[in-house]
Amino acid sequence: MFTSHQTRFEKRFESFAMLPQPQPLSFEDYMRGSDFSAVRSEDLVQSAGDCFRSCKAVIERLLQVVVAETDEDIDITKKRRNDDLYISVRREEAMALTKVCVANSLFLHKLS
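The rules behind these values
Residues numbered from 1 in each chain as written. Predicted model: local features only at pLDDT ≥ 70, side-chain atom pairs only at ≥ 80, totals over all residues. Heavy atoms only, no water. Helix = DSSP H or I, 4+ residues; strand = E, 2+ residues; numbered from the N terminus. Buried < 20%, exposed > 50% of the residue type's maximum accessible area, 1.4 Å probe, protein only. Contact = heavy atoms within 4.5 Å. Salt bridge = Lys/Arg side-chain N within 4 Å of Asp/Glu carboxyl O. Disulfide = S-S within 2.5 Å.

Student: Account for the side chain of T98, naming residues and giving values.
Tutor: As for its position among the elements, T98 is in helix 4 (residues 91–111). Owing to a relative accessible area of 12%, T98 belongs among the buried residues under this scheme. Among all residues touching T98, those that are not within four sequence positions of it are K56, I59 and L63.

So, in structure tokens, the structure goes:
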């Protein structure tokens, strides 16, 4: 590696340093929070799988309500168009995230 873990952490989170709230995460807190050495690998794989399934469910709901394809998908008073500039997530982006969730879930299934 070309840089230390601390330098990479500082570069990754430097854009958040100007925000007053919440208080920025320290490198020491980050290291403690990302130490999974006391967790059994089976539990870690199970937990990661649960997270990917939950994420996929949230994205599917988002696709149904926020970025619906047709008028029949949701109430017309709540319909937003895919080209609506005020939608923070485009349909293609949500679909790409769904694919990531599914692919990662399949990989975790192979590990277990």
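Student: So what's going on with the pattern of salt bridges? Which residues, and what values?
Tutor: Summed over the entire model, instances satisfying the criterion amount to 6 salt bridges. Residues K11 and E14 are paired through a salt bridge, measuring 3.3 Å at the closest nitrogen-oxygen approach. Residue R53 is joined to D50 by a salt bridge in which the shortest nitrogen-to-oxygen separation is 2.6 Å. Residue R53 and its partner D50 are located together in helix 3 (residues 41–65), separated by 3 residues, close to a single helical turn. On the basis of relative accessible area, R53 is assigned to the partly exposed category, the value being 46%.

Student: Lay out the environment of A94 in plain terms, naming residues and giving numbers.
Tutor: Examined against the element boundaries, A94 turns out to sit in helix 4. Put simply, A94 and E60 are 34 residues apart on the chain and 8.3 Å apart in space, counted from C-alpha to C-alpha. Discounting residues that sit within four places of it in the chain, A94 has contacts with I59, L62, L63 and V89.

Student: Any chance you could break down the state of the cysteines for me, citing the residues and the numbers?
Tutor: All chains considered together, the criterion is met by 0 disulfides. Take C55: it sits in no disulfide, and the sulfur closest to it among the cysteines is that of C101, at 3.4 Å.

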